[in-house]
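Below, each chain spelled out in residue letters.
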Amino acid sequence: MQWGLAFDTQVDSIQLCQTVSNLMSVCGNIDKPGTNILVRNGFEINPGYATAQLYCDPDTFAKKLTVDLVHPGCVQFIGMADCDAVNRAFETGEPYPIKMFWSQGSNGIACSATAAPRVHKMLQNVEFCVVADPYLTPTAVAYADIFLPLKTTAERDSMRVWWTPLRAMKAVSEWYEAKSDEELIVALGNKLNPELFQKRWPTLEALLQDYLDVGFNLYDPETGKSYKSAGRSKAGMVEVEDVHTDFWKKHHADGECSFDALVRKGGYEYDDFCATYRKYEKGLLRADGLPGFATPTGRIELVPYATFGAWGIPPLAEHVESLSAKRWLTDPEFKKEYPFICINGSRSYEFFHSENRQQATMREFHPMPLVKVSPQTAEEYGLAEGEWIWIENTEGRCRQKVTIDPTLNPRYIHAEHGWWFPEQEPAFPHLYGAFECNINNLTASYETGHGGIGNPLKSIVCKIYKCTDDVDEPTPGEVVTKLGGFRSDYVAGQPFAWTTDNTTREGGRF
């Protein structure tokens with residue numbers, strides 16, 4: 001069985017993951033040849049979203065914007081700040097105003113920002129914005145007071161481990177004043193927290209070595225104690241006997257535990273752990289070395305009472321429709337106005353999210369954003385292949401080009417995300433066309449699932465109509481950047497204007 005990003009873009013994401021994991025388990029498809037394999041990041045190198053909490057000042061850490069601030073009853077069990085809580089602080093200044101925004105390698109308004117016009121309003125009010133990116137993106141043009149050009153892969157010394165293998169990236173060129181992500185981290189860290197960085201990461205070389213030695217986890221030579229984050233994404237930290245990575249344990253004695261040594265080997269090395277079957281029989285999954293699984297009972301838990309109970313999540317999986325889908329299913333007039341369910345966010349081989357739109361070959365293969373419609377829909381609406389149509393709902397609208405897909409259910413359309421046009425005008429109101437074809441003009445903030453996980457990006461409702469002169473003005477870019485947006489009735493913490501009157505949930509929370 002296979003899953004991917006689509007599982008995160010459901011409002012009941014955790015329940016979906018739990019259900020599919022349970023199907024794998026009851027079918028015996030766990031860690032055997034030909035089944036779903038239990039893996040880890042190579043050599044147990046796990047720097048991730050939760051690493052910073054190991055070094056954060058306790059008073060500062062206590063101010064983290066957590067899910068319970070905007071969805072009462074939810075438990076914060078992930079390491080990073082909660083997106084909805086951050087949005088609420090942007091919109092209301094509560095519990096404190098956000099005065100600086102730093103975006104690194106992220107093209108928010110063209111790609112990842114749900115309710116993109118709403119996020120545009122939020123970011124316009126931030127006092128100081130910095131954007132670091134290899135390219136001048138719509139996000140950089142719209143908000144950056146300072147733009148920092150980042151190096152591309154061929155210009156940087158870096159490493160990455162995403163499951164396996166451990167990989168090294170070796171710079172083979174360098175241009176102008178661009179810096180790598182790691183070089184920016186080292187430079188800023190030595191300015192902002194010199195006491196820590198001078199001791200741990202005074203140089204890029206020291207940062208790369210620390211990654212291999214301890215994965216940025218905390219080792220205190222004065223006390224001899226070691227701590228690591230509870231997980232790549234999970235909040236909290238745990239004391240461990242030895243914080244060194246398995247790569248350090250394997251190569252410290254032979255002198256091969258270094259970035260340069262990994263480069264000499266060809267730039268990668270596989271971890272035997274991920275290639276080992278039936279790890280649960282060999283004591284490889286538990287910290288105590290006993291056979292079994294890394295659960296409180298040591299067994300596969302189809303109903304994880306202890307873990308989900310601690311996280312405030314019902315232990316029995318349930319399916320819950322998104323707010324829009326629930327209204328669509330129960331309100332005939334609403335369904336008549338917006339007859340389609342729109343799937344969006346799926347990948348194409350030419351692009352990765354909003355990346356590569358400036359690559360000539362990729363744009364030759366895939367020049368414009370495409371929305372799939374069924375043959376029945378094309379006939380009903382008189383649509384031809386390659387024709388531009390508007391996609392619209394209560395939140396906003398965008399336009400994409402029709403492609404007819406005979407496999408698509410007539411109740412659905414299937415739109416693309418991440419589009420902007422580097423060949424177009426960057427200045428306001430155009431912003432490289434970031435809002436013209438942006439399906440996130442139609443999505444909403446503040447709707448999430450149990451634990452603050454998930455968002456119904458793949459189940460928004462909409463209507464479609466042809467792009468014609470009488471309905472083409474004003475453009476989405478003009479609406480968002482000049483006319484105040486598609487909506488003026490946003491309420492902080494609420495995804496839709498009609499939410500409180502049309503759902504049994506409080507705001508956008510289960």
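Starting afresh in each chain, residues are numbered from 1 along the sequence in its written order. In keeping with the model being predicted, local features are shown solely for residues with a pLDDT of at least 70 and side-chain atom pairs are shown and tallied solely at 80 or more, while totals for entire chains, interfaces and linings include all residues. The basis for every side-chain value is the complete set of heavy atoms in the structure, and neither hydrogens nor water enter the calculation.

**Let's talk about a nonpolar patch on the surface**
Together, Met 100, Trp 102, Phe 128, Ile 146, Leu 188 and Leu 192 line one region of the surface with nonpolar side chains, adding up to about 540 Å² of accessible area. Elements are defined by DSSP. Helices are runs of H or I of four residues or more, strands are runs of E of two residues or more, and each kind is numbered from the N terminus. Counting residues per element, the ones that place at least two in the nonpolar patch are strand S1 (100-104) and helix H6 (181-192). In this fold, Met 100 is placed in strand S1. Candidate patch residues must exceed 30% relative accessible area and have no salt bridge, after which like charges are joined if within 9 Å and Val, Leu, Ile, Met, Phe, Trp or Tyr side chains if within 5 Å. Residue exposure ignores everything except the shown protein chains as possible cover, and the areas themselves are Shrake-Rupley values with a 1.4 Å probe. Salt bridges are counted wherever a side-chain nitrogen of Lys or Arg sits within 4 Å of a carboxyl oxygen of Asp or Glu.

**Comments concerning the state of the cysteines**
Here, disulfide denotes a covalent bond that connects the sulfur atoms of two cysteines. In this description, a disulfide is simply a cysteine sulfur pair whose atoms lie within 2.5 Å. Under the definition given, this model contains 0 disulfides. Free cysteine: Cys 74, not disulfide-bonded; nearest cysteine sulfur from Cys 83 at 13 Å. Between Cys 467, a free cysteine, and Cys 437, which holds the nearest cysteine sulfur, the sulfur-to-sulfur gap is 8.8 Å.

**Topic: the pattern of salt bridges**
If charged atoms from side chains of opposite charge come close, those side chains can pair. What the rule picks out here adds up to 23 salt bridges. A salt bridge links Glu 256 to Arg 264; the nearest nitrogen and oxygen atoms lie 3.9 Å apart. Classification of Arg 264 by relative accessible area gives exposed; the value is 60%. Asp 288 is the partner of Arg 286 in a salt bridge, and the nearest nitrogen-oxygen pair spans 3.1 Å. The cut-offs for exposure are 20% and 50% of the maximum accessible area for each residue type, with area from a 1.4 Å probe on protein chains only; residues under the lower value are buried, those over the upper are exposed, and the others partly exposed. The partly exposed category is assigned to Arg 286, whose relative accessible area is 21%. The network of salt bridges with shared partners includes Arg 40, Glu 44, Lys 228, Asp 246, Lys 249 and Asp 271.

**A short note on the side chain of Ser 13**
Tracing the chain through its elements places Ser 13 in helix H1 (residues 13-26). If sequence neighbours within four positions are ignored, Ser 13 has contacts with Phe 7, Asp 8, Ile 453 and Gly 454. Residues count as neighbours in contact if any of their non-hydrogen atoms are within 4.5 Å of one another.

**Some details on the sheet that holds strand S3 (residues 146-149)**
One open sheet accounts for 3 strands, arranged S1-S2-S3; its pairing is parallel. Edge strands, defined here as strands with exactly one partner in the open sheet, are S1 and S3. Each strand axis lies, on average, 10° off the axis of its neighbour in the sheet, ignoring direction. For two strands to pair, DSSP has to find at least two bridges joining them. In this structure, S1 lies alongside strand S2 (residues 128-133), joined through 5 bridges in parallel fashion. Looking across to S2, one finds that Met 100 is bridged to Phe 128. All axes here are fitted lines through C-alpha atoms, helices being fitted over the stretch that makes contact, and every angle between N-to-C directions spans 0 to 180 degrees.

**Things to note about the pairing of strand S7 (residues 225-229)**
As defined by bridge partners, strand S6 (residues 218-220) adjoins S7 across 3 bridges and the pair is classed as antiparallel. Looking at the pairing, Tyr 219 lines up with Ser 226 of S7. With antiparallel pairing between neighbouring strands as the criterion, S6 and S7 make up a hairpin whose turn holds 4 residues, including Gly 224 at a positive phi of roughly 75°. Bridge count between S7 and strand S8 (residues 237-240): 4 bridges; the pairing is antiparallel. Residue pairing across strands places Lys 228 opposite Val 238, the latter belonging to S8.

**Notes on helix H8 (residues 204-214)**
Extensive coverage of H8 is indicated by the burial of 8 of its 11 residues. What H8 keeps buried is the set Leu 204, Leu 207, Leu 208, Asp 210, Tyr 211, Leu 212, Asp 213 and Val 214. Summarising the contacts, the buried residues of H8 are in contact with strand S4 (158-161), strand S5 (166-169), H6, helix H7 (194-200), helix H9 (246-251) and helix H10 (259-264).

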